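Descriptive structure summary
Listed here are the chains, written in short residue letters.
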Amino acid sequence: MANIKVQNKISKEELSELCLVQHKSMREIAKMFDCNHTTIGDLLKRYGIPSRPPGGARKAQIVQIEHDGQMVEAKRCTVCNEVKPLEDFNVGRKSSGGRQPKCKECRKRHYEDNRTHINNKSMTNYYKNHEENKLKRRLYYSKHKIQLRKQQKEYYLLNHEKNLLANRHYYHTNKDTILQKERLKRMENIEYYREQDRKRYVRRKEQRSIYHQKYYEMNKATIKLNSKKRKTSLKSLPFTLTEQQWDQIQSDFNYGCALSKHHSNLNMEHFIPVSWGHGGTYVGNVYPVHWKINHSKSDTNPFVWIERKDVKELVDMDKWHRLISYLAEHNHLSVDKFRDFVTWCEKTREQ
Ligand SMILES: [Zn+2]
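Here the structure is a predicted model, which is why all the values come from computation and not from measurement. Throughout this document, residue positions are counted from 1 along each chain, in the order its sequence is written. In keeping with the model being predicted, local features are shown solely for residues with a pLDDT of at least 70 and side-chain atom pairs are shown and tallied solely at 80 or more, while totals for entire chains, interfaces and linings include all residues. Think of the side-chain values as coming from all heavy atoms in the structure, minus any hydrogens and water.

Here the focus is the overall build of the chain. Secondary structure follows DSSP: runs of H or I at least 4 residues long count as helices, runs of E at least 2 residues long count as strands, and numbering of each begins at the N terminus. Looking only at helices and strands, the chain has 18 helices and seven strands in total. At 36 Å, the chain has a C-alpha radius of gyration far larger than the 20 Å of a compact globule built from 351 residues. Principal-axis analysis of the C-alpha atoms gives the chain an extent of 110 × 50 × 40 Å. When the 351 residues of the chain are sorted by exposure, 23% land in the buried category. Should any heavy atoms of two residues lie within 4.5 Å, those residues are considered in contact. Considering only residue pairs separated by 6 or more positions, the chain has 51% of its internal contacts joining residues 24 or more positions apart. As displayed, the chain offers around 26,900 Å² of accessible surface, 52% of which is attributable to carbon and sulfur atoms. It is over C-alpha atoms that the radius of gyration is taken, and the globule rule equals 2.2 Å times the number of residues to the power 0.38. Only protein chains enter the calculation, and the probe is 1.4 Å; a residue is then buried if its accessible area is under 20% of its type maximum, exposed if over 50%, and partly exposed in between. All accessibility values rest on the Shrake-Rupley procedure with a 1.4 Å probe; residue burial counts only the protein chains present in the view.

This is the structure we're talking about:
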């Protein structure tokens, strides 16, 4: 019905004037007559007026302008109507100058103004034909497999170095934001990630044991020597800790880790490492910590170790200061004297 009404309103001459002389688009004409642009398309066909290719008649002219003291190619943005250098437009092969008709700024503004709408639309479109598209992609891939793989490989080799550098640079400049985002994502979906971790742990069990075996075989001598060293040092060092004392120490730290909020997987840690040939297993040198912290500290000087960036993420600094006072007190020293003592132990350690 609408077609007949519009047809009565627009004559052939009028339409050809609008279309061929004034170069109006179908949408613009539709707006003038308050109808759908497809109706105008039908009408053009019926009258036998050749329709112009989309965007064809209004391709922006490429001009030369001065920009930063240099002559550069430029064109007019269809939204803000300003003449801007081609650099300020995103790549779009079909448009004039190989750039899109809207400038970057206008595109961005449009996106920001309609963010939810655009996102929703693309989401619904994505899911509407999701299965079908997946199948199509898969078919296409299997059909052109050899060629596609070759292309991928070539592209990869050609841009590998460049991409690696760019990725690394991006990571380093945005490290904090990236880590923050990842942490947030994990917190929000903690159950899902834990499940994934568990699955990965099971999946890689065999691989891991092979790796451990290999590592052991390669470093057999060192590992054996280290364990021997540790055992002999432990033997020659004072060992006065009783079961009741250890229980008392654990209760002093609320039966949890002395440096973090963990309450399971705890190890007995020697503040002055056993391998230094100093310290020993007595009240004032041992305390419970989570295995990760124990593993991280290893045989480094605790006062040097605590300054490391990755350690600061593991350790609660308030708890660290409390622990130092606790140990110093049980060694009958001030905190500063205790630190000096530990430093001396490291200087005179066994090699
Ligand atoms: Zn613009």
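This next bit is on the domain arrangement of the chain. Note that the domain bounds reflect an automated or database-derived domain assignment. As far as domains go, the chain holds domain 1 (2-47), domain 2 (63-116), domain 3 (131-171) and domain 4 (237-347). For domain 3 versus domain 4, the distance between C-alpha centres works out to 51 Å.

Attention now goes to the pattern of salt bridges. What makes a salt bridge here is a side-chain nitrogen of Lys or Arg within 4 Å of a carboxyl oxygen of Asp or Glu, nothing more. Applying the stated criterion across every chain, the model contains ten salt bridges. Among the salt bridges present, the one from R200 reaches D197, with a minimum N-O distance of 2.9 Å. Here the residue R200 and the residue D197 both occupy positions in helix α10 (residues 190-203), the gap between them amounting to three residues, near one helical turn. The class of R200 is partly exposed, set by a relative accessible area of 34%. For D197, a relative accessible area of 28% translates into the label partly exposed. Three or more residues are tied together by salt bridges with common partners; here these are R186, D197 and R200.

Water is absent from the atoms considered, so a metal site may look incomplete; donors are defined as N, O and S atoms within 2.8 Å of the metal, or 3.2 Å for Na, K and Ca. Note on the zinc ion: its protein donors are C77 (SG), C80 (SG), C103 (SG) and C106 (SG). The metal-donor distances range over 2.2 to 2.4 Å. Tetrahedral means four donors with every angle between 85 and 135 degrees, whereas square planar (four donors) and octahedral (six donors) require angles over 155 degrees between opposite donors and between 65 and 115 for all others; sites fitting neither are termed irregular. Considering all four donor atoms around the zinc ion, the spread of angles at the metal, 97 to 125 degrees, places the coordination shape in the tetrahedral class. Mapped onto the sequence, the residues coordinating the zinc ion show the spacing C-x2-C-x22-C-x2-C. With a gap of 23 residues between them, C80 in the loop between β2 (70-76) and β3 (83-85) and C103 in strand β5 (residues 99-103) connect regions that are remote in the sequence. The exposure class assigned to C80 is partly exposed, which follows from its relative accessible area of 26%.

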